Amino acid sequence: MEMKVLSITIGFILFLGAGVALEMRSIVSDLLLGELDKQGVSLASDLAARSADLVLTSNVYAMHQLLHDTVNNNDSVQYAFVTNEKNEVVAHTFSGGFPVALLRVAQEVPAMNQGKRLLEIEEQVVHDFSRPIVDGRVGVARVGLHEKNIRASIIHVTRTIVQTTIMMSIVGIFAAFLLTNLLHYPINLLVDATRRVSLGDFAQRVVIHTKDQIGILARAFNEMGENLARKEGENSRLLAELEKKESVRRNLLKTLITAQESERKRISRELHDETGQMLSSLMLHLRHLKSAEGNVLIDEEIERMRAVVEHSIHEVKRISRQLRPSILDDMGLLPAVEHLGREYQKNAQFEVDVVIQGREISRRLLPELEITLFRIVQEALTNVTKYAEASNVSIIFTLRGDLLQLIIEDDGEGFDVERHFAGDTSHEHLGLHGMQERVEIVGGTFQIESTRGVGTTIYVSIPITYEESEALA
């Protein structure tokens, strides 16, 4: 703030000084040029009157003396000379000979030799004044005045204004410094209080007793602090309620998913143990029936029934694996994922590569963690099959301390992640929301990166807990 006030003050003074200097230069120049014109007319008229008799009597010596006296008695006179009626120079003040540049002027007819003109002689501007002698019948008297004195006066005036401007700038800087110090103290109080409020100290208040704009700002700041403190209390209460509701929601979802998986496990066992055995028994009876003697049509019908039963057994086993893969319960997460990858690779048009980095998971995780990770991989491979049109899929497990990181990456078509999670009305990728919910329920993090034409990558990080209470050695 100090620099702004000082800059504005100095800029204003310099601008004012420059304007005054330019205006004064113009005024002084006009005044001095006017005085120079008056002096030139007067000297030329006086010289014409005094040299009339001298020209008529051809008194060259006296004319030279008169011209030199005119030059010596006036600082502004550059030269003086007199011509006769034949426009011949009869006397002049040039010690080095009459300048060639003036010959044309000296030879002008008397009718032209009245008034003033500007000439350039020896790289100097000269104001040339002429007056006829006895109406031009005797000759012409000419006087040339230079601008040296005018320039010196203008320089003097300009220097005086510049010095005054510098003194005014110094005084202005001092006054601005005092003013900014007076203003800066309460502003510093406001800035310090604002920083404390930004750090969470909503009880901070500013004490300023002035009634100017800064005092109004201080009162507004104190009111803002009171409002923020009140809002902070309300937000804390609402956050506690939200966390409580979130905890209830997570527990409900966890219970729901656990019950769902338990039901799937039960149905899978029933399909495998009961329905599967019944169909197998039926198929054996059909084989015995076929081996017996009988009509050819009966044999063909029995063969078709056997094919249907065989297909039914295959479908029951497939559904059983989808509902609850027995390999997951028997051998654990990684073998189940590898088996799942082989199945999708066999049925789909892409390669599946399962990679395990870091320490291998040799101990069984909690069942809820294993089924969560397995379902995430299953849903991801399903989405790749339906939408991605990928050629390769990589499934990478990495164990880092107490975190298990899962990366699923494909080189498919990709999609707009922001549009999808912002609530796109299309029904594609709905399984991603379920994957995210599963990860959040077990306390993990879920992230998706996708670029159209490049592919999609899913990042999952879950804190692991083993089936037994002791940690993995």
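Keep in mind it's a predicted model, so treat the numbers as computed, not measured. Here the residue numbers are simple positions, counted from 1 along each chain's written sequence. The model is predicted, so local features are restricted to residues of pLDDT at least 70 and side-chain atom pairs to those at 80 or more, both for listing and for counting; the totals for chains, interfaces and linings are taken over all residues. The side-chain quantities take in all heavy atoms of the structure and omit both hydrogens and water.

Whenever I open this one, the overall build of the protein confuses me. Can you help?
Secondary structure assignment for the protein yields 12 helices and 10 strands. Accessible area is worked out with a 1.4 Å probe on protein chains only. A residue is then buried under 20% of its type maximum, exposed over 50%, and partly exposed in between. The buried share of the protein, taken over its 473 residues, is 36%. Sequence separation of 24 or more characterises 62% of the internal contacts of the protein that already satisfy a separation of 6 or more. Per element, the accessible surface of the protein, about 28900 Å² overall, is 57% carbon and sulfur. Counting from the N terminus, the helices are DSSP H or I runs at least four residues long and the strands are E runs at least two residues long. We call two residues contacting when some pair of their heavy atoms lies within 4.5 Å. The Shrake-Rupley method, run with a 1.4 Å probe sphere, supplies the accessible areas, and residue values consider only the shown protein chains as cover.

How should I be thinking about the packing of aromatic side chains in this particular structure?
Given two aromatic rings, one states the distance between the centres and the angle between the planes to describe the pair. Aromatic contacts are taken between Phe, Tyr and Trp rings whose centres are within 6.5 Å, Trp giving its six-membered ring; a plane angle under 30 degrees counts as stacked, one over 60 as edge-to-face, and the others as tilted. Here the structure, examined in full by the defined rule, presents four aromatic pairs. Taking the centre distance of 5.5 Å and the plane angle of 80 degrees together, the rings of Phe-94 and Phe-98 count as edge-to-face. Neither Phe-94 nor Phe-98 differs from the other in exposure class; each is buried. Ring pairing ties together the aromatic residues Tyr-79, Phe-81, Phe-94 and Phe-98, which thus form one cluster.

How should I be thinking about the sheet that holds strand 5 (residues 139-146) in this particular structure?
Hydrogen bonds along the backbone pair up the strands of a sheet, which may run parallel or antiparallel. Between any two strands, at least two bridges found by DSSP are needed for them to pair. If you walk across this open sheet you meet the five strands as 2-1-5-4-3, and the pairing is antiparallel. With partners counted over all chains shown, the strands left at the sheet margins are strand 2 (89-92) and strand 3 (115-121), one partner each. The sheet shows a mean angle of 25 degrees between the axes of neighbouring strands, direction not considered. Across three bridges, strand 1 (residues 77-84) lies against strand 2 in antiparallel orientation. When the bridges of strand 2 are listed, Thr-83 appears paired with Val-89. Relative to the sheet, helix 3 (residues 60-72) contacts strand 1 and strand 2, its axis offset from that of strand 2 by approximately 45 degrees. Only the stretch in contact is used when fitting a helix axis, every axis being a line fitted to C-alpha atoms; angles between N-to-C directions are given from 0 to 180 degrees.

Would you mind showing me how to read the side chain of Asn-383 here?
With respect to the helices and strands, Asn-383 occurs in helix 10 (residues 367-388). Apart from residues lying up to four places away in sequence, Asn-383 is in contact with Ala-388, Leu-432 and Met-435.

I'm lost on the packing of helix 9 (residues 333-347) against helix 10 in this one. Help?
Angle between the axes and distance between the axes: these two values describe a pair of packed helices. Packing of helix 9 against helix 10 brings their axes to within 10 Å, and their N-to-C directions diverge by 15 degrees. On the basis of the axis angle, helix 9 is roughly parallel to helix 10. Relative to helix 10, the crossing made by helix 9 is right-handed. Counted together, Leu-333, Ala-336, Val-337, Leu-340, Gly-341 and Tyr-344 of helix 9 and Glu-370, Leu-373, Phe-374, Val-377, Gln-378, Leu-381, Thr-382 and Thr-385 of helix 10 form the full contact between these two elements. Basically, the charged four are Asp, Glu, Lys and Arg, the nonpolar ten are Ala, Val, Leu, Ile, Met, Phe, Trp, Tyr, Cys and Pro, and anything else, Gly included, counts as polar. Partitioning the contact of helix 9 with helix 10 into residue classes produces nine nonpolar, four polar and one charged. Roughly parallel means an angle under 35 degrees; roughly antiparallel means over 145; roughly perpendicular covers 65 to 115; every other angle is labelled oblique. Left-handed describes a crossing in which the near helix is turned anticlockwise from the far one by less than a right angle; the clockwise case is right-handed.

What is the right way to read the pairing of strand 4 (residues 124-133) from this model?
Moving residue by residue along a regular strand, the side chains alternate between the two faces of the sheet. In terms of burial, strand 4 is largely enclosed, as seven of its 10 residues are buried. Where strand 3 meets strand 4, seven bridges bridge the pair, whose relative direction is antiparallel. For Leu-118, the partnering residue across the bridge sits in strand 4 and is His-127. Where strand 3 hands over to strand 4, the hairpin turn is made up of two residues, of which Glu-122 adopts a positive phi near 55 degrees. Note that strand 4 and strand 5 share eight bridges and pair antiparallel. Residue pairing in the sheet places Arg-131 in a bridge with Ala-141 of strand 5. Between strand 4 and strand 5, which pair antiparallel one after the other, the connecting turn spans five residues, and Val-134 there sits at a positive phi close to 55 degrees.

Can you help me understand helix 10 in this one?
Because the α-helix completes a turn every 3.6 residues, residues three or four places apart line up on one side. To estimate how far a helix should reach, multiply one less than its number of residues by 1.5 Å. Here helix 10 spans 30 Å end to end across 22 residues, near enough to the 32 Å set by a 1.5 Å rise per residue. With respect to burial, helix 10 is a largely interior element, 16 of its 22 residues being buried. Of the residues trailing helix 10, Glu-389 is marked for its positive phi of about 55 degrees.

What is the right way to look at the packing of helix 10 against helix 12 (residues 431-441) in this model?
Where helix 10 contacts helix 12, the two axes come as close as 10 Å, and the packing angle between them is 165 degrees. Put simply, helix 10 runs roughly antiparallel to helix 12. Both helix 10 and helix 12 take part in a crossing whose hand is left-handed. Each of Ile-371, Thr-372, Arg-375, Ile-376, Glu-379, Ala-380 and Asn-383 in helix 10 lies in contact with helix 12, whose residues at this interface are Gly-431, Leu-432, Met-435, Arg-438 and Val-439.

What exactly am I supposed to notice about the pattern of salt bridges here?
Side-chain pairs of opposite charge can arise whenever the charged atoms involved come near each other. Each reported salt bridge corresponds to a side-chain nitrogen of Lys or Arg within 4 Å of a carboxyl oxygen of Asp or Glu. Throughout the structure, instances matching the rule amount to seven salt bridges. Residue Arg-364 pairs with Glu-370 through a salt bridge whose shortest N-O separation is 2.9 Å. Judged by relative accessible area, Arg-364 falls into the partly exposed class, the value being 26%. For Glu-370, a relative accessible area of 4% puts it in the buried group.

Any chance you could explain the pairing of strand 5 here in plain terms?
Of all the eight residues making up strand 5, eight are buried; the element is thus mostly covered by neighbouring parts of the structure. Side chains Gly-139, Ala-141, Val-143 and Leu-145 of strand 5 all project onto a buried face; the interleaved residues Val-140, Arg-142, Gly-144 and His-146 project onto the opposite face, where all are buried too. Examined bridge by bridge, strand 1 and strand 5 share seven bridges and lie antiparallel to one another. The partner of Asn-84 across the bridge, within strand 5, is Gly-139.

So what exactly am I meant to see when it comes to a nonpolar patch on the surface here?
A surface patch of nonpolar side chains, amounting to about 620 Å² of accessible area, comprises Phe-12, Leu-16, Val-20, Met-24, Ile-27, Leu-31 and Met-168. If you tally residues by element for the nonpolar patch, the top one is helix 1 (residues 2-50), at six residues. Along the polypeptide, Ile-27 turns up in helix 1. On the accessibility criterion, Ile-27 (37% relative accessible area) is partly exposed. Patches here are clusters of residues that have more than 30% relative accessible area and form no salt bridge, with a 9 Å joining cutoff for like charges and a 5 Å cutoff for nonpolar side chains (Val, Leu, Ile, Met, Phe, Trp, Tyr).

Teacher, can you tell me more about the environment of Ala-141 here?
In this structure, Ala-141 sits in strand 5. When its relative accessible area of 0% is taken as the criterion, Ala-141 is described as buried. The sequence separation of Ala-141 and Val-82 amounts to 59 residues, and the corresponding C-alpha distance is 4.6 Å. Once residues lying within four places of it in the same chain are set aside, the contact partners of Ala-141 are Ala-44, Leu-47, Ala-48, Phe-81, Val-82, Phe-129, Ser-130, Arg-131 and Ile-133.

In short, the description is geometric, and any link to function would need to be established separately.
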